[in-house]
Amino acid sequence: HGCKFMLDEPNRIYIGLERALGEVCALVSNRPTTIELSFNTDGLPISSSGNGEFWPVLMSSNISKTLVSIVGLYYSKQGKPSAEILLRPLIDDLGIWLTEGFQYPNTSIKWRTPVILKFVSCDLPALALVKCTKCPTGYHSCTKCTIRGQRSTQGNQYFIPRDDIRVRPRTDKGFRNFVQKAHHQVDKSKSSTKQKKGQLQREKYAVKYVVSPFTGK
């Protein structure tokens, strides 16, 4: 009934942006002149005795402040999936929507409404997956600056030497151009994927600090 079962990935179901947003439009009458989309994803363990996880991809918009839609769902047998497997259908959809806009269903509005990506909100491990960067406890994992982190001698903790004169803020331009290659974690066989995933970086991303960025706790 409108779901796109990905035959190349039998554990993935992609519902799609058009159906998800269409269902929201059927429930509320608000029709903003620019549609702002926000996304979230995270792994949900299904048992304590195995590595299997569900990874839902959730979407919210300024059409409704309360409704959240599931646009995709992936079951991973071995924990965290790759960004290519989890996000490829969404990225392909976004590439069209950010360029062509969205046609409101069952309305007198005949033109296509502009769509923008407002942010992607995740905890730090999931954000690293979405951005294809090192995990939060990696040496070059800081999302704010480019300095190489250090390990504490008093325990298995990771910290940033904030008084280091070499600290430089991380920028969108530097991120897109892979200025610090050690910050990125990309499958070389999917090099084009990282460039296309730049669509997820067109707008600012929001970080929800569920875990400490330095200790991983």
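Residues numbered from 1 in each chain as written. Predicted model: local features only at pLDDT ≥ 70, side-chain atom pairs only at ≥ 80, totals over all residues. Heavy atoms only, no water.

Participant: Sorry, what's going on with the overall build of the protein here?
Facilitator: In terms of helices and strands, the protein carries 5 helices and 10 strands. Looking at the 217 residues of the protein, the share that counts as buried comes to 41%. In the structure as shown, the protein presents an accessible area of about 12600 Å², 53% of it carried by carbon and sulfur atoms. (Helix = DSSP H or I, 4+ residues; strand = E, 2+ residues; numbered from the N terminus. Buried < 20%, exposed > 50% of the residue type's maximum accessible area, 1.4 Å probe, protein only. Areas by Shrake-Rupley, 256 points an atom, 1.4 Å probe, with all protein chains shown as cover.)

Participant: What is the right way to look at the pattern of salt bridges in this model?
Facilitator: For the structure on display, the rule yields 5 salt bridges. Across the salt bridge formed by arginine 88 and glutamate 84, the nearest N and O atoms sit 3.4 Å from each other. Here arginine 88 pairs with glutamate 84, and both are found in helix 2 (residues 83-100), just 4 residues apart, close to one helical turn. Of the two residues examined, arginine 88 and glutamate 84, each falls in the buried class. One network of salt bridges, in which partners are shared, links Glu84, Arg88 and Asp92. (Salt bridge = Lys/Arg side-chain N within 4 Å of Asp/Glu carboxyl O.)

Participant: Would you mind going over helix 1 (residues 17-27) with me for this structure?
Facilitator: Turning to helix 1, its buried residues are Leu17, Ala20, Leu21, Val24 and Cys25. Along helix 1, the residues classed as buried sweep out an arc of 140° about the axis, all on the same side. In helix 1, those exposed residues whose orientation departs by more than 90 degrees from the buried face are Glu18, Ala26 and Leu27. Where helix 1 is buried, its residues contact strand 2 (12-14), strand 3 (35-41), strand 5 (53-61), strand 6 (64-76) and helix 2. (Arc of directions from axis to C-beta. Contact = heavy atoms within 4.5 Å.)

Participant: Just checking my understanding: could you explain the nonpolar core for this structure?
Facilitator: Within soluble globular proteins, side chains that are nonpolar generally end up buried alongside one another. With 35 residues, the main nonpolar core has Leu17 and Leu37 as its most contacted residues. Contributions of two or more residues to this core are made by helix 1, strand 3, strand 5, strand 6, helix 2, strand 7 (115-122) and helix 3 (124-131). Element by element, the count of residues in this core is highest for helix 2, at 7 residues. With near-sequence residues (within four places) excluded, leucine 37 lies in contact with Leu21, Met59, Ser60, Ser61, Leu94, Trp97, Val115, Ile116, Leu117, Lys118 and Phe119. (Core = buried A, V, L, I, M, F, W, Y, C linked by side-chain atoms within 4.5 Å.)

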